[in-house]
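Residue-level structure breakdown
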Amino acid sequence: QVQLVESGGGLVQAGGSLRLSCAASGRTFSSYGMGWFRQAPGKEREIVAAISGSGSRTYHADSVKGRFTISRDNAKNTVYLQMNSLKPEDTAVYYCAADQLQGFRTVLPLTGSEYDYWGQGTQVTVSS
């Protein structure tokens with residue numbers, strides 16, 4: 001069982017930056033693949049970024065590539081999402097999620113159904 005707690009959301013002007021953190025409980029954090037998802041009002045949840053347990057493999061959605069960076073610190077049981085050059089369309093609730101089967105996968109999971117544990121979400125609002 002893994003518990004995930006996101007933090008770092010807030011209100012920022014367009015062009016600004018935020019860093020989201022997701023702290024995980026448990027002693028086997030490095031065995032979980034991690035992902036960041038977001039859901040805007042009236043829209044479906046979408047993948048933002050994913051990272052393997054070791055951190056050696058990452059994925060970033062085209063919509064955030066070059067602006068957002070996912071990373072993790074396994075010693076701190078934490079995954080991060082650095083968000084730069086924020087746009088109003090980045091406004092959403094951001095969720096982190098953990099995949100317990102990442103050791104059996106050859107590719108990073110990009111759909112919500114492939115993740116087993118979810119945080120409560122943190123609101124990011126970008127004003128124009």
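Please refer to the structure higher up on the page.
Residues numbered from 1 in each chain as written. Predicted model: local features only at pLDDT ≥ 70, side-chain atom pairs only at ≥ 80, totals over all residues. Heavy atoms only, no water.

**Re unusual backbone geometry**
Positive phi, normally seen in glycine, also occurs at N77, with a value near 55°. Note that N77 resides in the loop between β7 (68-73) and β8 (78-83). Its identity as a non-glycine residue notwithstanding, S85 has a phi of 50°, on the positive side. Along the chain, S85 falls in the loop between β8 and β9 (92-99). (Helix = DSSP H or I, 4+ residues; strand = E, 2+ residues; numbered from the N terminus.)

**Let's talk about the sheet that holds strand β1 (residues 4-7)**
Consider a sheet: its strands pair through backbone hydrogen bonds, and that pairing is either parallel or antiparallel. Strand order in this open sheet of 4 strands is β1-β3-β8-β7, and the pairing throughout is antiparallel. The open sheet has two edge strands with one neighbour each: β1 and β7. Neighbouring strand axes in the sheet, compared pairwise and without regard to direction, differ in orientation by 15° on average. Note: β1 against strand β3 (residues 18-24), 4 bridges, orientation antiparallel. Note that in β3 the partner of E6 across the bridge is C22. (Pairing = 2+ DSSP bridges. Axes fitted to C-alpha atoms, helices over the stretch in contact; angles between N-to-C directions.)

**As for the nonpolar core**
Grouped together as the largest cluster of nonpolar side chains are 30 residues, with contacts concentrated most on L4, M34, W36, L81, M83 and Y94. The set of elements that each furnish at least two residues to this core consists of β3, β4 (33-39), β5 (46-51), β7, β8, β9 and β11 (122-127). Dropping the residues within four chain positions of it, M83 is found in contact with G16, S17, L18, L20, R67, F68, Y94 and V124. (Core = buried A, V, L, I, M, F, W, Y, C linked by side-chain atoms within 4.5 Å. Buried < 20%, exposed > 50% of the residue type's maximum accessible area, 1.4 Å probe, protein only. Contact = heavy atoms within 4.5 Å.)

**Quick look at the packing of aromatic side chains**
Counted according to the given criterion, the structure contains 4 aromatic pairs. Centre to centre, the rings of F37 and Y115 are 5.2 Å apart; their planes meet at 85°, and the pair counts as edge-to-face. Residue F37 is located in strand β4, and its partner Y115 is located in the loop between β9 and β10 (117-118); the two are separated by 78 residues in the primary sequence. In this structure, F37 and Y115 share a single accessibility class: buried. (Phe/Tyr/Trp six-rings, centres within 6.5 Å; stacked < 30°, edge-to-face > 60°.)

**Some thoughts on the side chain of T122**
Residue placement: T122 occurs in strand β11. Side-chain polar atoms of T122 contact the backbone nitrogen of G9, separated by 3.2 Å. Not counting residues up to four positions away in its chain, the partners in contact with T122 are E6, S7, G8, G9, L20, A92, V93 and Y94. (Polar contact = N/O pair within 3.5 Å; in protein donor to acceptor, adjacent residues only side chain to side chain.)

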